[in-house]
Amino acid sequence: AGTGEVLEVIRDWRESDEMQEVANVCAGGDPACGTLITSYAQGLAPYAAPFFLSVIAGLLWHVCCWVAVSRTCRKAVCCRERLLPRPASIKQKLLSVLIVLTTSVVILVTGLVNVDANSTLTTEINDLFCLLAVFGSEFLNGRRIVGDEFLGLNDIIRRTDSLLETLDVDSSELRT
């Protein structure tokens, strides 16, 4: 059956249940509540960063698309249509290379982290389905372990049906 739980994996990775600590402190009205919430939010920042970066990239993409589509946008000061390109300085070239390399490394690292997290999550979901299958089987068919016997729902329904047949109001056994 299932062995681990996703919440336990997250707690082990974070080494504690930080949300429980925040809830306990803030429920008591402790003045340290604000700093605990801030530290908890900062702990979530690595997970929120890809979302915000994708929003920024989406906004930039839409700006570039509208510049390509709309003539009015191409005449804006930032686009400068019909001007000769000027040569980029060494600083601009190095900054471009640095940005491309940094984003490439970040994409590679987050991809590897996601692959590892996905394999852990897949294992935990498989364990959960296994546990649910065992639970369903025991619920319907019962458990035959000495000291912990449970007849199961199917056996209970069968016995109840036979009892209802025996106690049928129209049966000759119940007439006096």
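The structure displayed is predicted, hence computed values, not measured ones. (Residues numbered from 1 in each chain as written. Predicted model: local features only at pLDDT ≥ 70, side-chain atom pairs only at ≥ 80, totals over all residues. Heavy atoms only, no water.)

### Quick word on the overall build of the protein chain
Then comes step 1: Within the protein chain one finds 6 helices and 2 strands.
Then comes step 2: Each helix and strand of the protein chain, placed in order from N terminus to C terminus, yields the pattern α-α-α-α-α-β-β-α.
Then comes step 3: Put simply, the protein chain has 176 residues, and 6% of those count as buried.
Then comes step 4: Here the contacts in the protein chain between residues at least 6 apart in sequence split such that 28% fall between residues at least 24 apart. (Helix = DSSP H or I, 4+ residues; strand = E, 2+ residues; numbered from the N terminus. Buried < 20%, exposed > 50% of the residue type's maximum accessible area, 1.4 Å probe, protein only. Contact = heavy atoms within 4.5 Å.)

### Description of the packing of aromatic side chains
Then comes step 1: Tallied over the full model, the rule gives 1 aromatic pair.
Then comes step 2: When the centroid spacing of 5.3 Å and the interplanar angle of 70° are considered together, the rings of Phe51 and Phe52 count as edge-to-face. With respect to class, Phe51 is no different from Phe52; both count as exposed. (Phe/Tyr/Trp six-rings, centres within 6.5 Å; stacked < 30°, edge-to-face > 60°.)

### A closer look at a nonpolar patch on the surface
Then comes step 1: There is a patch of nonpolar side chains on the surface, built from Leu121, Ile125, Leu128, Phe129, Leu131 and Leu132 and spanning about 530 Å² of accessible area.
Then comes step 2: As for its position among the elements, Leu131 is in helix α5 (residues 90-141).
Then comes step 3: Residue Leu131 is classed as partly exposed on the basis of its relative accessible area of 41%. (Patch = residues over 30% accessible without salt bridge, like charges linked within 9 Å, V, L, I, M, F, W, Y side chains within 5 Å. Areas by Shrake-Rupley, 256 points an atom, 1.4 Å probe, with all protein chains shown as cover. Salt bridge = Lys/Arg side-chain N within 4 Å of Asp/Glu carboxyl O.)

### Remarks on the packing of α5 against helix α6 (residues 153-166)
Then comes step 1: For the pair α5 and α6, interaxial distance at closest approach is 4 Å and the crossing angle is 20°. Taken together, the axes of α5 and α6 lie roughly parallel to each other. Contact residues: Phe139, Leu140 and Asn141 in α5; Leu153, Asn154 and Asp155 in α6.
Then comes step 2: Along the lines of polarity and charge, the residues of the contact of α5 with α6 split into 3 nonpolar, 2 polar and 1 charged. (Axes fitted to C-alpha atoms, helices over the stretch in contact; angles between N-to-C directions. Parallel < 35°, antiparallel > 145°, perpendicular 65-115°, else oblique. Nonpolar A, V, L, I, M, F, W, Y, C, P; charged D, E, K, R; others polar.)

### A few points about a negative patch on the surface
Then comes step 1: A cluster of acidic side chains, namely Asp161, Glu165, Asp168 and Asp170, defines a negative patch on the protein surface.
Then comes step 2: Tracing the chain through its elements places Glu165 in helix α6. (Lys, Arg positive; Asp, Glu negative; His and termini not counted. Charge placed at Lys NZ, Arg CZ, Asp CG, Glu CD.)

Geometric descriptors of this kind do not, in isolation, establish any biological role.
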